[in-house]
Amino acid sequence: MYLHEVLDTWFETVVQAHCRGKVVLYRYADDVVIGCEREEDARRIIEVLPKRFAKYGLEINTEKTTVVRFGRPQRSSVDRQPGTFSFLGFVHYWGKTWRGSYTSKRKTEGKRLRRTLGEFWRWCRDNRHRAPQEQYALLCAKLRGYYQYYGVRCNSPCLDLVYYAATRAWRYWLNRRGGRKMTWRAFGRMMAAYPLPRPKIVKGWV
């Protein structure tokens, strides 16, 4: 709510009026991406932004604030390939379609992916003494929640990795519950009866 006046309103009434090209702002809480058609506009904004925030007692995270060239790649240019940027858990980058043209793509940010893999491992470890049916219901909910957010086009490899990591973690800690061991064959029969939800793309092109 505070940033609505500090940033959003100021951007619409002042910044857009003084830029030579088209500029857009995407903000969620305190995470912001500003898109500029012209590089000179981006340089001017990044210069004045800290002054605007300081006026309201706020500071810019300089380690996460930078200008990134993100124009569509030119086939004739090898030296000036576009950069990438992270926003809300995704890395945005340019990649080729099956027809050979370029399109903007998204994939799970590396640190978010590693954190998720660790969270599934720790959850299966800490909840291994629950009834398998109860573990199954909770794991399904966790995986569906992950797919719901990260299930975007071109992100299938990351979704597959999370699915297989969750599956291996579940089997590993079920095998350490004590008593009869959970062999891969027994785990396969269990997975047939209680199949974890497979990765699913739920969001199309933006």
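Predicted model only: the values in this text are computed from it and were never measured.

### Here's the deal with unusual backbone geometry
Even without being glycine, leucine 88 reaches a positive phi, approximately 55°. Although it is not a glycine, cysteine 154 adopts a positive phi angle of roughly 75°. Within the secondary structure, cysteine 154 sits in the loop between helix H4 (132-150) and helix H5 (156-174). Under the relative-accessibility criterion, cysteine 154 is labelled partly exposed at 29%.

### Looking at the nonpolar core
Counting 28 residues, the largest nonpolar core has Cys124, Leu139, Leu143, Tyr146, Trp170 and Leu196 as the members making the most contacts within it. Listed by contribution, the elements that provide at least two residues to this core are helix H3 (110-126), H4, H5 and helix H6 (184-193). Counting residues per element, this core draws most heavily on H5, at nine residues. With sequence-adjacent residues up to four places away left out, leucine 196 is seen in contact with Tyr136, Leu139, Cys140, Leu143, Tyr163, Thr167, Trp170 and Met191.

### Some details on the packing of H3 against H5
Between H3 and H5, the shortest axis-to-axis distance is 8 Å and the interhelical angle comes to 20°. Judged by the angle between their axes, H3 and H5 are roughly parallel. By crossing handedness, the relation of H3 to H5 is classed as right-handed. Along the contact surface, H3 presents Leu113, Thr116, Leu117, Phe120, Trp121, Cys124 and Arg125, while H5 presents Cys158, Leu161, Val162, Ala165, Ala166, Ala169, Trp170, Tyr172 and Trp173. Partitioned by chemical class, the residues of the contact of H3 with H5 number 14 nonpolar, one polar and one charged.

### A look at the packing of aromatic side chains
By the definition in use, this model includes 15 aromatic pairs. Considering the side-chain rings of tyrosine 149 and tyrosine 150, the 4.8 Å spacing of their centres and the 80° angle between planes classify their relative orientation as edge-to-face. When its relative accessible area of 34% is taken as the criterion, tyrosine 149 is described as partly exposed. One aromatic cluster in this structure is built from Tyr136, Trp170, Trp184, Phe187 and Tyr194.

### Focus on the side chain of lysine 105
Assignment of secondary structure puts lysine 105 in strand E5 (residues 102-108). This buried residue, lysine 105, is left without a salt bridge; aspartate 160 holds the nearest opposite charge, at 14 Å. Not counting the four nearest positions on each side in its chain, lysine 105 is found in contact with Val91, His92, Tyr93, Gly95, Lys96 and Cys154.

### Some details on the confidence of the model for the protein
On average, the protein scores 91 in pLDDT, and the residues at 70 or more come to 95%. Model confidence for the protein, summarised as mean pLDDT per element, is weakest for H6 at 88 and strongest for H3 at 97.

### Some details on the sheet that holds E5
Read across the sheet, three strands follow the order E3-E4-E5 without closing on themselves; strand pairing throughout is antiparallel. This sheet does not close on itself; its edge strands, each paired only once, are strand E3 (85-87) and E5. Adjacent strand axes in the sheet meet at a mean angle of 40° when their direction is disregarded. Bridge count for E3 against strand E4 (residues 90-96) is three bridges, and the pairing is antiparallel. Residue pairing across strands places phenylalanine 87 opposite phenylalanine 90, the latter belonging to E4.

Calculation notes
Every chain is numbered on its own, with residues counted from 1 as its sequence reads. Thresholds applied to this predicted model are a pLDDT of at least 70 for local features of residues and 80 or more for the giving and counting of side-chain atom pairs; totals over whole chains, interfaces and linings are not thresholded and use all residues. Processing note: side-chain calculations cover all non-hydrogen atoms of the structure and skip hydrogens and water entirely. A run of H or I in DSSP counts as a helix once it spans at least four residues, and a run of E counts as a strand once it spans at least two, with each numbered from the N terminus. The buried label goes to any residue with under 20% of its type's maximum accessible area, the exposed label to any with over 50%, and the partly exposed label to all in between, with areas taken from a 1.4 Å probe on protein chains only. What is meant by a nonpolar core is a set of buried Ala, Val, Leu, Ile, Met, Phe, Trp, Tyr and Cys residues, joined one to another through side-chain atoms within 4.5 Å. Any two residues whose heavy atoms approach within 4.5 Å are treated as being in contact. Axes, fitted as lines to C-alpha atoms, cover a helix only where it is in contact. Angles between the N-to-C directions of the axes lie from 0 to 180 degrees. The scheme is simple: roughly parallel for angles under 35 degrees, roughly antiparallel for over 145, roughly perpendicular for 65 to 115, oblique for anything else. Helix crossings fall into two classes, left-handed where the near helix is turned counterclockwise from the far one by less than a right angle and right-handed where it is turned clockwise. Basically, the charged four are Asp, Glu, Lys and Arg, the nonpolar ten are Ala, Val, Leu, Ile, Met, Phe, Trp, Tyr, Cys and Pro, and anything else, Gly included, counts as polar. Any Phe, Tyr or Trp ring, taking Trp's six-membered ring, that has another such ring centre within 6.5 Å forms a pair; planes under 30 degrees apart are called stacked, those over 60 apart edge-to-face, and the others tilted. In this tally, Lys and Arg are treated as positive and Asp and Glu as negative; His is ignored, and so are the chain termini. We count a salt bridge whenever a side-chain nitrogen from Lys or Arg sits within 4 Å of a carboxyl oxygen from Asp or Glu. Confidence scores here are pLDDT values: one per residue, from the predictor, ranging 0 to 100. In this analysis, strands are considered paired if DSSP registers two or more bridges between them.

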